[in-house]
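# Architecture and fold: a report
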Amino acid sequence: MRENDKPKPSISFIEQFIAEDLKEGNNGRPVHTRFPPEPNGYLHIGHAKAICLSFGMAQKYGGKCNLRFDDTNPVKEEVEYVDAIKDDIHWLGFDWEEREYYASDYFARLFDFAVELIKKNLAYVDDQTAAVISTQKGTPSQPGQESPFRKREVDENLDLFYRMNKGEFDEGSHVLRAKIDMTSPNMHLRDPIIYRIITSSHHRTGSKWMVYPMYDFAHGQSDYFEGITHSLCTLEFEVHRPLYDWFIDQLKTSDYRPRQIEFNRLNLTYTVMSKRKLLDLVREEKVNGWDDPRMPTLCGLRRRGYTPESIKRFIDLIGYTKVEAINDISLLEHTIREDLNIRTPRVFGVLNPLKVIIKNYPEGKVENVELINNPEDETMGKRLVPFCREVYIEHDDFMEVPPHKFFRLAPGTEVRLKGAYIIKCEGFKKNEKTGEIEEVYCTYDPETRSGGNTLDKKVKGTLHWVSAKHAVDAEVRLYDRLFSHEDPSGQKCADFREFLNPESLKTLTGCKVEPSLKSAMPLEKFQFQRLGYFCVDYDSTETNLVFNRTVPLKDTWAKINK
RNA sequence: UGUCCCGUGGUGUAAUUGGCAACACGUCUGAUUCUGGAUCAGAAGAGUUCAAGUUCGAGACUUGACGGGACAACCA
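We now turn to the structure provided with this report. (Residues numbered from 1 in each chain as written. Chains lettered and ligands numbered in written order. Predicted model: local features only at pLDDT ≥ 70, side-chain atom pairs only at ≥ 80, totals over all residues. Heavy atoms only, no water.)

## Observations concerning the side chain of Glu 514
We apply this condition: Labels follow the DSSP assignment, with helices taken as runs of H or I lasting at least four residues and strands as runs of E lasting at least two, numbered in each case from the N terminus. In this scheme, a residue with accessible area under 20% of its type's maximum is buried, one over 50% is exposed, and one in between is partly exposed, where area comes from a 1.4 Å probe on protein chains only. Polar contacts, as counted here, are pairs of nitrogen or oxygen atoms within 3.5 Å of one another; within protein the pair requires one atom able to donate a hydrogen and one able to accept it, and residues that are adjacent in sequence qualify only if both atoms are side-chain atoms. Whether two residues are in contact is decided by their heavy atoms: any pair within 4.5 Å suffices.
Secondary-structure assignment places Glu 514 in the loop between strand S22 (505-513) and strand S23 (525-528). Classification of Glu 514 by relative accessible area gives buried; the value is 2%. In this structure the side chain of Glu 514 is engaged in a polar contact, spanning 2.8 Å, whose partner is the side chain of Arg 383. Every residue in contact with Glu 514, bar those within four places of it in the chain, is listed here: Val 347, Phe 348, Arg 383, Val 385, Val 466 and Val 472.

Set out below in structure tokens:
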């Protein structure tokens, strides 16, 4: 009854930090977070985890969350990605209002800050090649060595840096480095490169700049410029934090400083989650684009039939920790079933049609039988489905020689056609050459019409069906896991491509669906009874209906059958 | 031979900050149903990587092992 009686919902360690910071005043600021994608690819479900966190914390604590494109590397970034990223965030149900920012908005301030560091003798221009700088850095277990240019005079550094940006030097010939500590046990503090020369055009600033800041020199500062209080990122940036803090120390003029907190990134079984690998799959045409329904991208999941709610629910369940875990994709499948179970109408669709002829049913007669659209939700109402002498059933639902515990149709057995009548199998036609069953002959019991209450005749099996005369043809795409290995990218001796599942896409044509589906629109979702959840694909047209199977229903018979 | 992070049922997370380990998924029973789905009821499954210490009491604290991960891109 009381609030206290309920177990307190546990909050993540990040939320605990935020709550503590707020308690201590948070420098007089409300929570302000940011989601900072680089526009060099499409968002995937791992990004959704970060989005839910940053937007979620802001929402929960009455703060704000900015969208900031981390566009400091013009050679990899494109506008195409900017637009797609915005669509995906909105689709998930989050909004950054007018706060759409770009790291490139801060290029001038960042440049000025670099100049300031040079003047404070905390940065210098290095003329060495990348290879030389790299060897001088040492290794994680060996200290680095100082560059011969480290002691360059301030004026010379200033002059060189300005000339770098004027385009007087080639790419790779000079870099600007922060002067920190070449012997630090943290590699990131060994005089990190903060500016490099890039002559490619930037998707927003064009050719205005010839020098571009590195991630470490842009990210924390951008947070600072925007007044971010909590900068939430994934675990691999943990070792960057001392550097993040070092730059903030040079920059801050009051008590305010953004705080970086790291959490575990999302790993899913049977898929890959790095943008580079996903890009490889797209470029090498292992999949049909970023929005291929087998991809873990948000646009792929959307096309597959996933709902934002199911993704958010999944993310909620897996939580935020510092443990590098690999999450089971079957949990995602659970959350989408849970969601679709409530929201989708039930329909009949036959994937592998087998014709059943009901011999004692009058030719030419059509009855409209009434079916419940969703037993979970009465408000979704009922619909009429035509029934007649010839219907299609699922090929798997008939067996000439049924195994033990087979509840479906077989010679001499009875089943119910859902919503219609109980039928009995009296015979079948078999192709002598191929051994394939081509038709099944049945009789029906007119007394068993659904809804009639006098009958206590019971059958074990209930089948879905589609009237042969009224059926609409459809193409159905069945998806399986993209990879056959649980952890395709975690194998040292094999490339992830070797684990691609050759059966990840099966296209079925000549499927038969009930006539009410004729005008279904792309992304419309249904439960094909006894089969699974399906949604209309973008490829669907008026003359060629195309469905994607989002996820099958759990199938205990398939399990028994194993 | 470095620095930092992490180690709780099969999996993912909890444990009110030290009081005999909880939840979800999955698994297995059973009930029920005109979806072998869903739903409902129930069960099995970890003594918290190991060891020592502090304490009346440790999954939580300390130390040390062991195991896993991150860090040596002019990527983010």
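## Description of the protein's contact with RNA strand B
So the rule is basically this: In these notes, residues near a molecule or strand are those with any non-hydrogen atom within 4 Å of it. Side-chain classes follow a simple rule in which Ala, Val, Leu, Ile, Met, Phe, Trp, Tyr, Cys and Pro form the nonpolar group, Asp, Glu, Lys and Arg form the charged group, and the remainder, Gly included, forms the polar group.
The immediate surroundings of RNA strand B are formed by 64 residues, with Glu 324, Arg 346, Ser 450, Gln 527 and Thr 556 found nearest. Sugar plus phosphate: this is where 63% of the atoms of RNA strand B within 4 Å of the protein reside. Take Ala 130: an N or O atom from its main chain is 3.3 Å from a base nitrogen of RNA strand B. One of the side-chain nitrogen or oxygen atoms of Lys 418 is found 3.1 Å away from a sugar or linking oxygen of RNA strand B. Mapped by element, the contributors of at least two residues to the surface near RNA strand B are helix H5 (130-136), strand S6 (193-197), helix H12 (329-343) and helix H13 (556-561). Broken down by element, the surface near RNA strand B gets its largest block of residues, four residues, from H13. Tallied by class, residues from the surface near RNA strand B come to 22 nonpolar, 25 polar and 17 charged.

## Observations concerning the side chain of Asp 397
By the secondary structure assignment, Asp 397 is in the loop between strand S15 (390-394) and strand S16 (414-417). For Asp 397, the side chain forms a polar contact with the side chain of Arg 408, separated by 3.0 Å. For Asp 397, the residues in contact, after removing those within four places along its chain, are Phe 406, Arg 408, Leu 409, Leu 463, His 464 and Arg 530.

## A word on unusual backbone geometry
For Asn 26, which is not a glycine, the phi torsion comes out positive at approximately 50°. Among the secondary structure elements, Asn 26 is positioned in the loop between helix H1 (13-23) and strand S1 (32-35). A residue is classified by how much of its surface remains accessible, and Asn 26, at 8% relative accessible area, is buried. Not every positive phi belongs to a glycine, and Arg 530 is a case in point at roughly 70°. Along the polypeptide, Arg 530 turns up in the loop between S23 and strand S24 (532-536).

## Quick notes on the pattern of salt bridges
Put simply, the rule reads: Each reported salt bridge corresponds to a side-chain nitrogen of Lys or Arg within 4 Å of a carboxyl oxygen of Asp or Glu.
Applying the stated rule across the entire model yields 45 salt bridges. Here Asp 21 makes a salt bridge to Arg 259, at a shortest N to O gap of 3.1 Å. Taken together, the residues span a long stretch of sequence, with Asp 21 in helix H1 and Arg 259 in strand S9 (residues 259-263) at a distance of 238 residues. Overall, the relative accessible area of 15% leaves Asp 21 in the buried class. Its relative accessible area of 30% is what places Arg 259 among the partly exposed residues. In this structure, Arg 408 and Asp 397 form a salt bridge, with 3.0 Å as the shortest nitrogen-oxygen distance. Of this pair, Arg 408 sits in the loop between S15 and S16 while Asp 397 sits in the loop between S15 and S16, and the two are 11 residues apart along the sequence. Overall, the relative accessible area of 2% leaves Asp 397 in the buried class.

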